[in-house]
Structure formats: structure tokens, C-alpha cells
Amino acid sequence: MPVGLILAGGEGRRLGRPKSLLSIGQDSDGQGVWMIDLVADALRRGGGERVIVATRDGTLPQPDSRPLHVDDVVADADGWTGPQAGLVGGLRRAVDWGSEWVQLAPCDVPFLDPLLPRMLDTLRTEGADAIIPVSANGDENLLALVHAEAMLAALQQARVAGERSVQSLYRGLRCLRIEGEALIGAGIDEACFHNVNSPEDIEFAEGLMARRRELERGYRRT
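Residues numbered from 1 in each chain as written. Predicted model: local features only at pLDDT ≥ 70, side-chain atom pairs only at ≥ 80, totals over all residues. Heavy atoms only, no water.

Trainee: I'd like a description of helix H4 (residues 148-161), backed by residues and values.
Mentor: Along its 14 residues, H4 runs 20 Å from first to last C-alpha, staying within 8% of the 20 Å computed at 1.5 Å per residue. Those residues of H4 that sit buried are Ala148, Ala150, Met151, Leu152, Ala154, Leu155 and Ala158. Buried positions along H4 lie against helix H2 (82-96), strand E6 (101-106) and strand E9 (145-147). Just downstream of H4 lies glycine 162, where phi reads positive at about 75 degrees. (Helix = DSSP H or I, 4+ residues; strand = E, 2+ residues; numbered from the N terminus. Expected span 1.5 Å × (residues − 1). Buried < 20%, exposed > 50% of the residue type's maximum accessible area, 1.4 Å probe, protein only. Contact = heavy atoms within 4.5 Å.)

Trainee: Which residues make up the pairing of strand E4 (residues 51-55), and what values do they have?
Mentor: Judged by how many residues are buried, E4 sits mostly within the fold: 5 of 5 residues are covered. Burial along E4 is two-sided: Val51, Val53 and Thr55 facing one way and Ile52 and Ala54 facing the other are all buried. When strand E1 (residues 3-7) meets E4, the two strands line up parallel, connected through 4 bridges. Residue leucine 7 lies in a different strand from E4, and its bridge partner there is alanine 54. For E4 and strand E5 (residues 72-75), the ladder comprises 4 bridges, and the chain directions are parallel. Opposite isoleucine 52, over in E5, you have aspartate 72 as the bridge partner. (Pairing = 2+ DSSP bridges.)

Trainee: Give a description of the nonpolar core that names residues and reports values.
Mentor: Core analysis: the largest hydrophobic core is formed by 30 residues, its most contacted members being Leu5, Leu91, Val146, Met151, Leu155 and Tyr170. Secondary structure elements with two or more residues in this core: E1, E4, H2, E6, strand E7 (130-135) and H4. Ignoring any residue separated from it by four or fewer positions in sequence, one finds valine 146 in contact with Leu91, Glu100, Trp101, Val102, Leu104, Asp129, Ala130, Met151 and Tyr170. Among the nonpolar cores identified, the runner-up in size contains 29 residues, and Val39, Leu43, Val70 and Met119 belong to it. (Core = buried A, V, L, I, M, F, W, Y, C linked by side-chain atoms within 4.5 Å.)

Right under this line is the structure:
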């Protein structure tokens, strides 16, 4: 099964704090729910054998002493910038573990649906290096299922060419794109791709989470 790689190296400048420490709503015990925990849980329920988190310095502050349920935390690779740094650090660790495929995920998608990684995993083929879901906003490059060695080679090529964007990494890869209709048919909606980047995004996410929990309570009562 693929390894899950959560990219959590962003500074969260618009939020004023790292996204890895952001809580969204509350659980049944009234505790805040870490957004990164939601992503890790979705990757595990989506079939991830193990989960890696890549952060700027290889540590993950835990102010309330609750353990983060991941298998390893790695540092962004030296000499790299942005998401590419986390990709290099995390992919190298996955390769060390002998994993051929890695499911990517940013730490700011609290409604990641476990159906997505499961669906992408069923589409693995020798004819593709990356399987990319396509939302209403376009290619979701940081939610792709990627062949680890092929992506590391693409990262090296991008570095030589001076390309720093994530999009540039896929130009030299054989990509299979999964369009919206296929995702909807599999039961995956747009909330799966909702990024939390601003206070308004937090408000939206908390409202959506509250509505979902209310529906869950209603199902239990019936």
C-alpha cells in the first residue's frame, strides 16, 4: 500500500501561525480537532500503510501534549524551498522504507475524503508516474498519488532548471488525470479539496464540520 506524505512546512502567514497547529471545531469530548490529525486519519482510512509528516525542521510542536498519530516526522530537505523541500524529505524517507508509491496531501485539507486515496490507488499503472485528481480549481497536484522515484527525478530536474513551483514537477511525468465527473461518481465532493488559508476559510470549515457532526448525531438517533 502507498505511504501517505503530509506536507506541513508552510508558515501560515495569512493565519499568523503554522497550519500544523490549527484546530478545526471540537470533538465529542469538547477538545479542539487538529487539522493535521484529520488529514492523517483520512490517509490511514484511505489505505495508507504508514504516514509521514514533513515540516520545516523535522519537529511538530504539540502544545496540548496530545500525540500525533503518524509514523515519522521528517525535516524539509536542505537547499530546497517551498513544498519541494517537503516533497524531497518525505519521498526520500518513503524510498528508504521501500515504498514505491506515495499519496501526497497538504496539511490544510481537513475534509480530505478517504475515498480519494482509495480511488487513486486502484488506478495505479506502469504507464503513469502520477495520478492527479482534478477539482473545480484545476489539477490538485498536492493530492496526487505519485511514483516516488519518478517524482524525485522530476524534483532534481526542476532544481537544475531553476523551477520552484509544484506544477513544473509534473511536466516531465506521465500523468493520469481524474476529472470531476469521475470523482463525483465515486462519491467525492468539492469539500475534499477545500484548503484553509485564511480566517474566512477557518470559519467555513468550522461551520461545515459542525453541520456534519449534527448530521452524524441525527443518524445515530435514528
